[in-house]
Amino acid sequence: MSEPILFGVRHLSPAGSWHLLELLNQVQPEIVLVEGPSDLTNQLVHICAKETKPPIAIMAYSETVPIRTILYPFAVYSPEYQAIKWAHERGRECRLIDLPSSVFLAIEQQRALREQYELEQEAADIVENKADEADRADKVDKAGKVGKAGSVNQRIGPTEAGDSGEAATKKDASASRSPAQHIAEVTGEDSQETFWERHFEHNMSSGAYMAGAAAYGSELRAVSGKEPYDEAENMLREAYMKYQIEKAIKEGFAPEKIVVVTGAYHVDGLREITPLTEAELAELPSIPSQSTLMPYSYYRLSTRSGYGAGNKAPAYYELLWDSLQMGDPGHTAYAYMAKIADAQRKAGHMASAASVIEAVRLSQSLASMKGFSIPSLRDLRDSAVTCIGHGHFSEIALAAADTEIGTKLGNLPEGVSRTSIQADFYRLLKQLKLEKYKTTVAQTLELDLRENMRVKSEEAAFLDLSRSFFLHRLQMLGISYAAKQRTDQAKATWAEHWNMCWTVEAEIQLVESALRGETVELAAAIALKERIDESQTIDGAAAIIEDACLCGMPESVELAVAALQRLAVDAVSVKEIAHTVHSLSAVIRYGSIRRLDYSPLVPIVQQLFLRACLIMPDHCSCDNKAAGAVIEAMTMLNEASINHEFTDGERWIALLLELSERDDINTKVSGFAAAILLERGLISNEQLATEVERRLSKGIPADLGAAWFEGLALKNKYALIARISLWEKLSEYLDTLDNEAFKRALVFLRRSFVSFTAKERSDIAENLAEVWGLHAEQVSDILNRATSEEEQEMLSELDDFDFDDI
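This structure is a prediction, so every number in the text was calculated from the model and none was measured.

**Considerations on the side chain of Arg594**
Secondary-structure assignment places Arg594 in the loop between helix H24 (574-591) and helix H25 (601-620). Those residues within four positions of Arg594 in sequence are excluded, and the remaining contacts are Leu449, Leu465, Ser468, Phe469, His472, Glu496, Cys549 and Leu550.

**Quick look at a negative patch on the surface**
On the surface, Glu728, Glu732, Asp735 and Glu770 cluster together into a negatively charged patch. Among the elements that make up the negative patch, the one with the highest residue count is helix H32 (residues 724-735) (three residues). Inspection of the secondary structure puts Glu770 in helix H34 (residues 758-772).

**With respect to helix H13 (residues 331-346)**
For H13, with 16 residues, the first-to-last C-alpha span of 23 Å sits near the 22 Å given by 1.5 Å per residue. All buried positions along H13 are accounted for by Thr332, Ala333, Ala335, Tyr336, Met337, Ile340, Ala341, Ala343 and Gln344. Of the surrounding secondary structure, the elements contacted by the buried residues of H13 are helix H12 (314-325), helix H14 (353-369), helix H15 (377-387) and helix H16 (393-404).

**Here we look at the sheet that holds strand S7 (residues 289-295)**
The strand order S4-S3-S7 describes an open sheet built from three strands, whose pairing is antiparallel. In the strand order of this sheet, the two ends are held by strand S4 (69-74) and S7, each with one partner. Between one strand and the next, the sheet's axes are offset by a mean angle of 20°, whatever the strand orientation. The sheet contact formed by strand S3 (residues 56-62) and S7 spans seven bridges and is antiparallel. What sits directly across from Ile58, in S7, is Leu293.

**Some thoughts on the environment of Asn638**
Along the polypeptide, Asn638 turns up in helix H26 (residues 624-643). Residue class for Asn638 comes out buried when judged on its relative accessible area of 4%. Sequence spacing of Asn638 and Gly649 is eleven residues, and the spatial spacing of their C-alpha atoms is 9.0 Å. With sequence-adjacent residues up to four places away left out, Asn638 is seen in contact with Trp652, Leu656, Ile676, Glu679 and Arg680.

**With respect to the nonpolar core**
Residues Phe425, Phe470, Tyr481 and Met634 are the most contacted members of the largest nonpolar core, which totals 109 residues. A total of ten residues in this core trace back to one element, the largest contributor, which is H25. In this structure, Leu24, Ile84, Tyr265 and Leu320 belong to the second largest nonpolar core, which totals 82 residues.

**A look at the sheet that holds strand S10 (residues 495-500)**
On the basis of which strands lie adjacent, the open sheet formed by three strands has the order S8-S10-S9 and antiparallel pairing. The strands lining the two open edges of the sheet, one partner per strand, are strand S8 (443-448) and strand S9 (482-485). Taken over all neighbouring pairs, the strand axes of this sheet differ in orientation by 30° on average, direction set aside. Relative to S10, S8 runs antiparallel, the two sharing six bridges. Residue pairing across strands places Leu447 opposite Glu496, the latter belonging to S10.

**Quick word on the packing of helix H22 (residues 538-550) against H24**
Relative orientation of the contacting elements H22 and H24 amounts to 15°, with a least axis distance of 8 Å. In this view, H22 runs roughly parallel relative to H24, as classed from their interaxial angle. In the crossing of H22 with H24, the sense of the turn from one axis to the other is left-handed. Touching Ile538, Asp539, Ala542, Ala543, Ile545, Glu546, Cys549 and Leu550 of H22 are Glu576, Ile577, His579, Thr580, Ser583, Leu584, Ala586, Val587 and Tyr590, all from H24. In the contact of H22 with H24, the residues fall into eleven nonpolar, three polar and three charged.

**Describing the confidence of the model for the chain**
Confidence along the chain averages 84 in pLDDT terms, with 83% of residues attaining 70 or more. Per-element confidence in the chain is highest for strand S5 (residues 93-98), whose mean pLDDT is 97, and lowest for helix H36 (residues 789-796), whose mean pLDDT is 63. Scored below 50 in pLDDT, residues 143-176 makes 65 contacts in the model with residues more than four places away or belonging to other chains. In this model, residues 802-806 is a region of pLDDT below 50 whose contacts with residues beyond four sequence positions or in other chains number twelve contacts.

**Comments concerning the side chain of Lys242**
The topology assignment puts Lys242 in helix H8 (residues 228-250). There is no salt bridge for the buried Lys242, and the closest opposite charge comes from Glu246, which lies 4.8 Å off by N-O distance. Setting aside chain neighbours within four positions, we find Lys242 in contact with Leu270, Arg271, Ile273 and Pro275.

**Some remarks on the pairing of S10**
Relative to S10, S9 runs antiparallel, the two being bridged by four bridges. Bridge pairing in S10 links Ala482 to Met500.

**Points about the packing of aromatic side chains**
Following the criterion strictly, the structure yields 19 aromatic pairs and no others. Aromatic rings pair up to connect Phe7, Phe195, Trp196, Phe200, Tyr209 and Tyr216 into one cluster. A cation over an aromatic ring shows up here: Arg114 above the ring of Tyr229, its NZ or CZ 3.5 Å from the ring centre. Positioned over the ring face of Phe462 is Arg595, at 4.0 Å from the centre of the ring.

**Considerations on the environment of Leu567**
Structurally, the position occupied by Leu567 is in helix H23 (residues 554-567). Not counting chain neighbours up to four residues away, the residues in contact with Leu567 comprise Ser535, Gln536, Thr537, Ile538 and Ala541.

**Side note on the pattern of salt bridges**
Inspection of the entire model under this criterion finds 35 salt bridges. The partner of Arg378 in a salt bridge is Asp382, and the shortest N-O contact between them spans 3.1 Å. Here Arg378 pairs with Asp382, and both are found in helix H15, just four residues apart, close to one helical turn. With its nearest N and O atoms 2.8 Å apart, the salt bridge here joins Arg531 to Asp547. One end of the pair, Arg531, is in helix H21 (residues 520-534); the other, Asp547, is in helix H22, and 16 residues separate them in sequence. Residue Arg531 is classed as partly exposed on the basis of its relative accessible area of 29%.

**A few points about unusual backbone geometry**
Of note, the amide linkage connecting Pro54 to Pro55 takes the cis form, showing an omega dihedral of 10°. Within the secondary structure, Pro55 is located in the loop between helix H2 (44-47) and S3. At His390, a position not held by glycine, the phi torsion is positive, near 55°. By secondary structure assignment, the location of His390 is in the loop between H15 and H16. Note on His390: relative accessible area 53%, which makes it exposed.

**Overview of the state of the cysteines**
Disulfide: a covalent bond connecting the sulfur atoms of a pair of cysteines. Tallied over the full model, the rule gives zero disulfides. With no disulfide partner, Cys622 has as its closest neighbouring cysteine sulfur the one in Cys620, 6.5 Å distant. Classification of Cys622 as buried rests on a relative accessible area of 19%.

Rules behind the numbers
- Residues numbered from 1 in each chain as written.
- Predicted model: local features only at pLDDT ≥ 70, side-chain atom pairs only at ≥ 80, totals over all residues.
- Heavy atoms only, no water.
- Helix = DSSP H or I, 4+ residues; strand = E, 2+ residues; numbered from the N terminus.
- Contact = heavy atoms within 4.5 Å.
- Patch = residues over 30% accessible without salt bridge, like charges linked within 9 Å, V, L, I, M, F, W, Y side chains within 5 Å.
- Areas by Shrake-Rupley, 256 points an atom, 1.4 Å probe, with all protein chains shown as cover.
- Salt bridge = Lys/Arg side-chain N within 4 Å of Asp/Glu carboxyl O.
- Lys, Arg positive; Asp, Glu negative; His and termini not counted.
- Charge placed at Lys NZ, Arg CZ, Asp CG, Glu CD.
- Expected span 1.5 Å × (residues − 1).
- Buried < 20%, exposed > 50% of the residue type's maximum accessible area, 1.4 Å probe, protein only.
- Pairing = 2+ DSSP bridges.
- Axes fitted to C-alpha atoms, helices over the stretch in contact; angles between N-to-C directions.
- Core = buried A, V, L, I, M, F, W, Y, C linked by side-chain atoms within 4.5 Å.
- Parallel < 35°, antiparallel > 145°, perpendicular 65-115°, else oblique.
- Left-handed = near helix turned anticlockwise from the far one by under 90°.
- Nonpolar A, V, L, I, M, F, W, Y, C, P; charged D, E, K, R; others polar.
- pLDDT = per-residue confidence, 0-100.
- Phe/Tyr/Trp six-rings, centres within 6.5 Å; stacked < 30°, edge-to-face > 60°.
- Lys NZ or Arg CZ within 6 Å of the ring centre and 35° of its normal.
- Disulfide = S-S within 2.5 Å.

Set out below in structure tokens:
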């Protein structure tokens, strides 16, 4: 009795595609069955569209959270892709025959639950073992004996089974490498990749690939460790695929006119297993799912090489595919070296034609030493390093990455099966003229949010502003297409710089956002609403207001403002209020440039600012641990006072004067209040000298005086350096201290000067030299030189002092 033809492949194999096409042309099957989720067969028409350019992938994803996804990528040289295209071009039927994606997702869900359960069990075992150890130790101690504590049991979990002849093994103490790697080592190759390339990718003998791949898969099945869960999944998949094959036969397709394209590992399984029954099909687990077609990248294929649905050098394998199309796999060596040389020249490095010729010859010699006529990728890279990189891989690293991995990104025609949010994303990408930034090569996008007066239409005038709204909305959704850079222009609210780089992960994140809304704007609004509902603090609500402003979403701003007003009724700390004022201040400053009405925020800021001024004194009576938070709050409130005239500036200055003069609060905070007043020009030299003399006097504990100076030095370093009277007072103060008090003061003074630059320390040295009557360079050398071992030991003794509870 005739049987269907089972063609075992590796998923991304140029030779597999070449031999498969040879078989298809010879057999002329009536139907082609391809390993892949059977419910995604409707996507094949889009894969075959004229405008579709691999690499691409079908993605299935669950309709409920947590969202789970599965990907089925195709390169131009994927055997499955070529089989699908062959059938489409000839009007033959083509189906995917693996488990439906809804079943795969359910299996993934169950696997995750099982792994979580195993982790919890391991944690429980550890706790139990620790308890047993403690109990045994207690008994030993009571008996007056010495013993060793028992060890914690460690479990090594199973690995996932790979596909395409790359089934993973169960890892334990005796199995440190996979069967595939073992086969490579037995044949004298450095890796399984090199073994496969030499024996399969370069072999153009008719029928050799089909027979060799089947034998390879059979050997792997025989020697692979049988991890129960993965083995059960493989058997289930094979039984389902066998069911689909039998179904095609029952529909009237002659067995000899059926070609099945599957991973080489499954060939024996499909021959031997019994197909699933209708009753068993009804019992399969399933969760609701959807699918979409998406562009893929060679970079992502390379990073997934260990999984089995990728390879380490996708761009190189395309070169090999092109050479096979020419009927000469040996031509790959010339194409590889030419691309290496071209990349080197574009980067400004020397790469002569002679070095390329020598590299090709060397690679051929290296292959012949192994008994082969065609160089492998390993031979080509070694030769390129020697002849073009002058013996250093670092010289050709970038060229090798471009030649072996590449930056190729797939493309899909408009109107293909996409989620609504994907369609909206690509529409906006075109409308905002951002299509050129959809590449896997990072680029910088500079935006000027101000109105462009040189154009006629309003859309063009505010193009960069619309781009900013769009990119901020993507950030809100966690889509890693663009990342905002920090700019040097701290107050230039009209300027934004973005790092733009497209990845497959960004497409996946975009699809996952479909559960929030049908468009980017709607999904971002729902994401903001979720944050608003979860917000528990006024500074958290203020941060949401700021994000909503950046996204250009006034309705979300209103919702967040309402939430902030509700939360502001409760008692809050001055730090929380300051952070809130800081965020709202930013929104008000952005308001005009982002065309938002910020007027409702003004009374809120006024109320919060007044509230902060009223409760600030109570927070200043704190220890040194809390002083940092108070100083941070003072900085933010002072910035708001400077930026906005509608804040109560007079009250704020009066508060700073009060804090700078008080002796019953944390002296570091008091010193910082004086620093703010000094920065704003509200303390004269005479007043500063008087305050220094009062704070740094013999009657003041050393740590309190030094802490005040530490607070004063947090701002206006050059203003302090320019006041010679300050250094005179500081010198006089230190002279009055005994040895113990000096050590206590030194702890705080070291903190004060740690942020001074070498130039600033040199300026201080000039002041001290003048005070002490010494040469400035001599004092500068002493201050800036490295501490000796003896001095370092003396300084380390200061660590014994703990003033945090003072």
